[in-house]
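Residue-level listing of the chains:
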There are 2 protein chains.
Amino acid sequence: MAVQTFQLLILGSSAATPTVKRNPTAQLLNIAERLFLIDCGEATQIQLRKYKARFQNINHIFISHLHGDHFFGLPGFLASMHLLGRKNELTIFGPPSLKEIIQLIHKHSDTYLSYPITYIDTQHKTKELLWEDEKVEVYSIPLQHRINTTGFLFKEKPLPRNVDKYKLEKLNVSIAEIHKLKLGMDAIDENGHIIKNEELTYPPAKPRSYAYCSDTRFFEALANDIQSVDLLYHESTFLNEMKQRANVTFHSTASQAAHMAKLCGAKKLLLGHYSARYDDLSEFLMEAQPIFNNTDLAIEGTLFQVEPII
Amino acid sequence: MAVQTFQLLILGSSAATPTVKRNPTAQLLNIAERLFLIDCGEATQIQLRKYKARFQNINHIFISHLHGDHFFGLPGFLASMHLLGRKNELTIFGPPSLKEIIQLIHKHSDTYLSYPITYIDTQHKTKELLWEDEKVEVYSIPLQHRINTTGFLFKEKPLPRNVDKYKLEKLNVSIAEIHKLKLGMDAIDENGHIIKNEELTYPPAKPRSYAYCSDTRFFEALANDIQSVDLLYHESTFLNEMKQRANVTFHSTASQAAHMAKLCGAKKLLLGHYSARYDDLSEFLMEAQPIFNNTDLAIEGTLFQVEPII
């Protein structure tokens, strides 16, 4: 059975001021060939080209908040999709004022896009289902930052049960009845005999999930919204030595990100949103791994696969 | 005698859609250690870092028009100067709506910059003196594009006459009298004798000038505003094969840029603002040089010195 894609490409890992090596925040998530762009810092369109992403296939963009390092690449990206002839609708999820900013820019540049945009306003008070189709659902989750900010939780929907092809070949079962087996129901073969579901099927892989949490201070209640997530991206702007600065600026340390991963029962943690003051990122791992071992670094161009658990 | 700096650094050479190799338009001009940023396409701040420009020394930014590839890097650049603790005033010259866009972005991100910005509105009807100090003057010049657009003309002010140090050493002349000599006046030595200016001085280098013309269609009247300029940057979005497309989009071809250089009596021509459709830029030179020989290509990271003519 072909495994459904679930992978995350890091486009930018830097905090507010980019460096020559690190771009501001942006990530491209692919679940079952749906491409979700998460935040869109300056030069995201150049990063997408660099890593040869099929950017006209992005139909949903999620903006966490209106600090520039999370959306200053959006106007240019929208313009390039237009100039390259996009026709398909694009949906942008973000704070209500985002629409006002983009529309003002389009007004003064006399721009009429070749494709329609639908803006969906996010709110940062409660967890909310933002979007779903038959395979994926996306929630906004409240974060705690200096301005209204949401994270995003992406979840696969439950997969159909797997039907044992070898056993099936020996029986006369219609396509309609096979569909019932995949949904967990019993079936009837062409001779009218009942086939028990458990005789012919085995359980599907567990639905996978990804939680994106940037920017935020550490707060315990977040764990409730992202329980048992497979992959957790939690910002770590600072190391613990700068904990005081993290508090004041509503950011987190690597140690706090690791505590959150432990608290919510994540399977893997990704750190990112590193302050420009840090050159050597291995210190982030050294701080986080004693608390939560399965920790990795978000670095531009790195692709993280979330493997299915059968 | 130390020669006053006059050099242009290319930060971006691409037309509307950037490529992996080419960034959207931005240039850094240094005249007598005044740093002028001309246009500010997306990722200009990253380019400034890459080429190790002292970007906190930029006190004047000139935005030609409000198409995104000429100013989408400005919000991020303003934010980074703030985050890195800038205190000095910054002056931004550009279309009136630029201020509205920047202020709306700052409002919704709850940003209060650490330094003051003065916005000077440009108009695109007539050539106008925008700014001057004791060494440099800057004019806006009307261009013809789809939306209101100005070019910019940067000129050194006339330099003082050079005083012959060897001859001066043999005479008793006060500093105040030397100053008069530099201004072209006669002086009086400490014995009361008149020293004729031409006996002790020789002419200064001719003031140099740089004209920035992007984006614009070709139109002859432009030559009047940039007569005898030392260095002319004239956009060449297309090759002549796409002349029709250039007309429709209010852009120019390499051949038209070369005709403008000839018409205005420029000493050197720089081409740039290349459409993403062109990979091999040597074709631009091949088209322009038969018309105007001293033509070069604007390419990211290239530094063009304007040499003084003594």
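Note that this is a predicted model, so its numbers are computed, not measured.

K.L.:
Residues and numbers for the overall build of chain A, please.
P.N.:
Along its length, chain A carries ten helices and 18 strands. Taking 310 residues into account, the globule formula puts the C-alpha radius of gyration at 19 Å, and chain A, at 22 Å, falls close to it. Considering only C-alpha atoms, chain A reaches an extent of 70 × 55 × 35 Å along its principal axes. Out of the 310 residues in chain A, the part that is buried amounts to 46%. Once local pairs closer than 6 in sequence are excluded, the contacts in chain A between residues at least 24 apart make up 63%.

K.L.:
So what's going on with the environment of Tyr51 of chain B? Residues and values would help.
P.N.:
Residues and elements named next belong to chain B. With respect to the helices and strands, Tyr51 occurs in the loop between α1 (44-50) and β4 (58-62). On the neighbour-count criterion, Tyr51 (17 C-beta atoms within 10 Å) is partly exposed. In sequence terms Tyr51 and Gly301 are 250 residues apart; their C-alpha atoms lie 6.7 Å from each other. Excluding residues within four positions of it along the chain, Tyr51 makes contact with Leu9 and Gly301.

K.L.:
Please provide a residue-by-residue account of the relation of the copies chain B and chain A, values included.
P.N.:
Both copies of the chain are related by one operation, a rotation about an axis with a shift along it. Least-squares fitting of chain B to chain A yields an RMSD of 0.1 Å, with the transformation described by 0.0 Å of translation along the axis and a rotation of 180°. Here the two chains are linked by the operation of a two-fold rotation axis. The position closest to the rotation axis in chain B is occupied by the C-alpha of Ala43 of chain B, lying 2.8 Å away. A shared binding surface is used by both copies, with 100% of the interface residues of chain B retained as interface residues in chain A.

K.L.:
I'd like to hear about the interface of chain B and chain A, residue by residue, with values.
P.N.:
If you look at the interface, chain B gives 32 residues, while chain A gives 32 residues. Of all the elements, helix α3 (residues 97-108) of chain B adds the most residues to the side of chain B that touches chain A, at six residues. Partitioned by chemical class, the residues of the side of chain B that touches chain A number 15 nonpolar, eleven polar and six charged.

K.L.:
Talk me through the nonpolar core; I want residue IDs and the actual numbers.
P.N.:
The biggest cluster of nonpolar side chains holds 150 residues, and the ones touching the most others in it are Leu232 and Leu269 of chain A together with Leu232 and Leu269 of chain B. Among residues more than four places away in sequence, those in contact with Leu232 of chain A are Ala211, Cys213, Ile226, Ala261, Cys264, Ala266, Leu269 and Leu270 of chain A.

K.L.:
Quick one: what's the story with the sheet that holds strand β17 (residues 295-297) of chain A, residue by residue and with numbers?
P.N.:
Residues and elements named next belong to chain A. Reading across the sheet, the seven strands line up as β7-β8-β9-β14-β15-β16-β17 and stay open at both edges, with mixed pairing between neighbours. Each of the sheet's edge strands pairs with one partner strand only, and the pair in question is β7 (128-132) and β17. For this sheet, the mean inter-axis angle between neighbouring strands, taken without regard to orientation, is 20°. Note: strand β15 (residues 231-235) against strand β16 (residues 268-272), five bridges, orientation parallel. Pairing of His234 across the sheet is with Leu271, part of β16. Its contacts with the sheet place helix α9 (residues 254-264) against β15, β16 and β17, and it is angled at close to 150° to β15.

K.L.:
So what's going on with the packing of helix α3 (residues 97-108) of chain A against α3 of chain B? Residues and values would help.
P.N.:
Two elements in contact, α3 of chain A and α3 of chain B, have axes whose closest approach is 10 Å; the angle formed by their N-to-C orientations is 170°. The angle between α3 of chain A and α3 of chain B places the two elements in the roughly antiparallel class. In contact with Ser97, Glu100, Ile101, Leu104, Ile105 and His108 of chain A of α3 of chain A, α3 of chain B contributes Ser97, Glu100, Ile101, Leu104, Ile105 and His108 of chain B. Among the residues making up the contact of α3 of chain A with α3 of chain B, the classes are represented as six nonpolar, four polar and two charged.

K.L.:
Pulling in residues and values, what's your account of the sheet that holds strand β1 (residues 6-12) of chain B?
P.N.:
Residues and elements named next belong to chain B. With mixed pairing, seven strands are arranged side by side in an open sheet as β6-β5-β4-β3-β2-β1-β18. Taken across any chain shown, the strands that pair with only one partner, and hence form the sheet edges, are β6 (117-121) and β18 (303-305). Averaged over all adjacent pairs, the angle separating strand axes in this sheet is 20°, with direction ignored. The pairing of strand β2 (residues 26-31) with strand β3 (residues 34-40) spans six bridges and is antiparallel. Bridge assignment links Gln27 to a residue of β3, and that residue is Ile38.

K.L.:
Which residues make up the environment of Glu220 of chain B, and what values do they have?
P.N.:
Residue and element names in this part refer to chain B. Examined against the element boundaries, Glu220 turns out to sit in the loop between β14 (209-213) and α7 (222-225). Assessed through the 10 C-beta atoms surrounding it within 10 Å, Glu220 is described here as exposed. Linking Glu220 and Cys264, residues 44 residues apart in sequence, is a C-alpha distance of 9.0 Å.

K.L.:
Outline the domain arrangement of chain A, listing residues and values.
P.N.:
When cut into domains, chain A gives domain 1 (6-159 + 204-305) and domain 2 (162-202). Here the C-alpha centre of domain 2 of chain A lies 42 Å away from the C-alpha centre of domain 1 of chain A.

K.L.:
Outline helix α2 (residues 74-83) of chain A, listing residues and values.
P.N.:
Residues and elements named next belong to chain A. Of all ten residues making up α2, eight are buried, and the element is well covered by its neighbours. Its buried side turned inward, α2 meets β3 (34-40), α1 (44-50) and α3. Gly85, located one to two residues past α2, shows a positive phi value of around 90°.

K.L.:
So, the pairing of strand β8 (residues 136-142) of chain A: which residues are in play, and what are the values?
P.N.:
All names here are of chain A. Counted residue by residue, β8 has six buried out of seven residues, so it is predominantly covered. Strand direction decides the pairing type here: β7 and β8, joined by four bridges, are antiparallel. Across the sheet, the residue bridging to Trp131 is Val138, located in β8. Joining the antiparallel neighbours β7 and β8 is a turn of three residues.

K.L.:
Requested: an account of the pairing of strand β8 (residues 136-142) of chain B, with residues and values cited.
P.N.:
Bridging between β8 of chain B and strand β9 (residues 150-156) of chain B involves seven bridges; their strand directions are antiparallel. Residue pairing in the sheet places Val136 of chain B in a bridge with Glu156 of chain B of β9 of chain B.

K.L.:
I'd like a description of unusual backbone geometry, backed by residues and values.
P.N.:
Asp215 of chain A follows Ser214 of chain A through a cis peptide bond whose omega is 0°. Residue placement: Asp215 of chain A occurs in the loop between β14 (209-213) and α7 (222-225). Of note in this structure, Asp110 of chain B is not a glycine but carries a positive phi near 55°. A count of 11 C-beta atoms within 10 Å places Asp110 of chain B in the exposed class. Of note in the backbone geometry, His273 of chain B takes a positive phi value of approximately 65° without being a glycine. Turning to its location among the elements, His273 of chain B is positioned in the loop between β16 (268-272) and α10 (282-288).

K.L.:
Can you break down the environment of Asp279 of chain B residue by residue, with the values?
P.N.:
Residue and element names in this part refer to chain B. One can find Asp279 in the loop between β16 and α10. Accessibility expressed as a C-beta count within 10 Å gives 10 for Asp279, which makes it exposed. With 260 residues separating them along the chain, Asp279 and Thr19 place their C-alpha atoms 9.7 Å apart.

So, how was this worked out
- Residues numbered from 1 in each chain as written.
- Chains lettered and ligands numbered in written order.
- Predicted model: local features only at pLDDT ≥ 70, side-chain atom pairs only at ≥ 80, totals over all residues.
- Helix = DSSP H or I, 4+ residues; strand = E, 2+ residues; numbered from the N terminus.
- Rg over C-alpha atoms; globule rule 2.2 N^0.38 Å.
- Buried ≥ 20, exposed ≤ 12 C-beta atoms within 10 Å, placed from the backbone.
- Contact = placed C-beta atoms within 7 Å.
- Least-squares fit on C-alpha atoms with pLDDT ≥ 70 in both.
- Nonpolar A, V, L, I, M, F, W, Y, C, P; charged D, E, K, R; others polar.
- Core = buried A, V, L, I, M, F, W, Y, C linked by C-beta atoms within 7 Å.
- Pairing = 2+ DSSP bridges.
- Axes fitted to C-alpha atoms, helices over the stretch in contact; angles between N-to-C directions.
- Parallel < 35°, antiparallel > 145°, perpendicular 65-115°, else oblique.
- Domains from an automatic or database assignment.

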